[in-house]
Amino acid sequence: IAQKTKNLAEKLGIRDPLTEVPCLKAVGYYIERMADWSKIISKSVLRILACDTKLDQKFLQKLAKFDQVCQEIHRKAIDALLSKNLELANETVHKYQEEVANRGIGILEQVRYEYSKCEQNELCPYFTFILWGISRQAELGAEIAEISIDMNLKLRPDIIQVGTVSEEGIKELMEKHDETIL
C-alpha cells in the first residue's frame, strides 16, 4: 500500500517507495527468520537443561561470548538501517565476516568433537542447533546491514564517487579478499 499511496509513504518516513518498500519487506522477512531461530534455540536450551549432566563451563563461556558477538551484529544492523548509517552498516558486515563466518564453524566443529567423544553425546545435536541458530541470526543481521547499504546508496547516489583502479590495485584487492570471495 505504501508503494502506491504517496501520503502513507510520507507519513511512514519513506522518501522513495519503489526503492525502500521492497528493501523493508526483505528486512521484515529476515527479522521473522531471526525469531524462528530464537524459537529453535530456546527449545534446544530447554532440552539441554532437562538433561541431568554437568556441562563444561569453559565451553559455555565460549558459547556465551560467541552469542554476544552475534547479537551485537544483528542489533547494529537494525541500528544502521534505522539511522541510515552507512559506516555502521559496513562495520557490521565486516564484523560478521571476521567474527562469525570464520570463527563460527570452528566452534561448531569443537562442539561436535567434544560431545561425540564423551557420554554426553546426546547433547551434541542441541548444541549444534544453538550454534547454527546463533550464527544464522548473525548472518541475517549482516544481510540487513547489506540491504541498508544498498538502500542508502540508491537513495543517495551523490555519495558514490567513481574513480579508476589500476591492475595492481585490483590484484591486491583480490589477494586480500580471496577468502571472502570464495
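Placed above this text is the structure.
Residues numbered from 1 in each chain as written. Predicted model: local features only at pLDDT ≥ 70, side-chain atom pairs only at ≥ 80, totals over all residues. Heavy atoms only, no water.

A closer look at the packing of helix H3 (residues 57-83) against helix H4 (residues 86-101)
- Packing of H3 against H4 brings their axes to within 9 Å, and their N-to-C directions diverge by 160°. Comparing their axes, H4 and H3 come out roughly antiparallel. H3 and H4 meet at a crossing whose hand is left-handed. Where H3 abuts H4, its residues Phe 66, Val 69, Cys 70, Glu 72, Ile 73, Lys 76, Ala 77, Asp 79 and Ala 80 lie against Leu 88, Ala 89, Glu 91, Thr 92, Lys 95, Tyr 96, Glu 99 and Val 100.
- The residue makeup of the contact of H3 with H4, split by class, is ten nonpolar, one polar and six charged. (Axes fitted to C-alpha atoms, helices over the stretch in contact; angles between N-to-C directions. Helix = DSSP H or I, 4+ residues; strand = E, 2+ residues; numbered from the N terminus. Parallel < 35°, antiparallel > 145°, perpendicular 65-115°, else oblique. Left-handed = near helix turned anticlockwise from the far one by under 90°. Contact = heavy atoms within 4.5 Å. Nonpolar A, V, L, I, M, F, W, Y, C, P; charged D, E, K, R; others polar.)

Notes on H4
- Spanning 16 residues, H4 covers 21 Å between terminal C-alpha atoms, matching the ideal 22 Å at 1.5 Å per step.
- Burial in H4 covers these residues: Leu 86, Leu 88, Ala 89, Thr 92, Val 93, Tyr 96 and Val 100.
- Capping of H4 at its N-terminal end is provided by Asn 85; its side-chain oxygen lies 3.0 Å from the backbone amide nitrogen of Glu 87. (Expected span 1.5 Å × (residues − 1). Buried < 20%, exposed > 50% of the residue type's maximum accessible area, 1.4 Å probe, protein only. Polar contact = N/O pair within 3.5 Å; in protein donor to acceptor, adjacent residues only side chain to side chain.)

So, the pattern of salt bridges
- Per the counting criterion, the structure on display carries six salt bridges.
- Residues Lys 76 and Glu 72 are paired through a salt bridge, measuring 3.0 Å at the closest nitrogen-oxygen approach. Of this pair, Lys 76 and Glu 72 are both found in helix H3, four residues apart, which corresponds to roughly one turn of the helix.
- With a shortest N-O distance of 3.7 Å, Lys 95 and Glu 72 are connected by a salt bridge. Remark: Glu 72 occurs in helix H3 and Lys 95 occurs in helix H4; sequence separation between them is 23 residues. (Salt bridge = Lys/Arg side-chain N within 4 Å of Asp/Glu carboxyl O.)

Considerations on unusual backbone geometry
- Of note, Lys 84 is a non-glycine position whose phi angle comes to about 55°, a positive value.
- Mapping Lys 84 onto the fold places it in the loop between H3 and H4.

Topic: the environment of Leu 131
- By secondary structure assignment, the location of Leu 131 is in helix H6 (residues 124-155).
- You can call Leu 131 buried: its relative accessible area is 2%.
- Residues Leu 131 and Leu 63, spaced 68 residues apart in sequence, show a C-alpha to C-alpha distance of 7.8 Å.

Section: the packing of H3 against H6
- One can describe the packing of H3 onto H6 by two numbers: an axis separation of 8 Å at closest approach and a directional angle of 20°. With respect to their mutual orientation, H3 and H6 come out roughly parallel. As for how H3 packs across H6, the hand of that crossing is left-handed.
- Its residues assigned to classes, the contact of H3 with H6 comprises 19 nonpolar, five polar and one charged.

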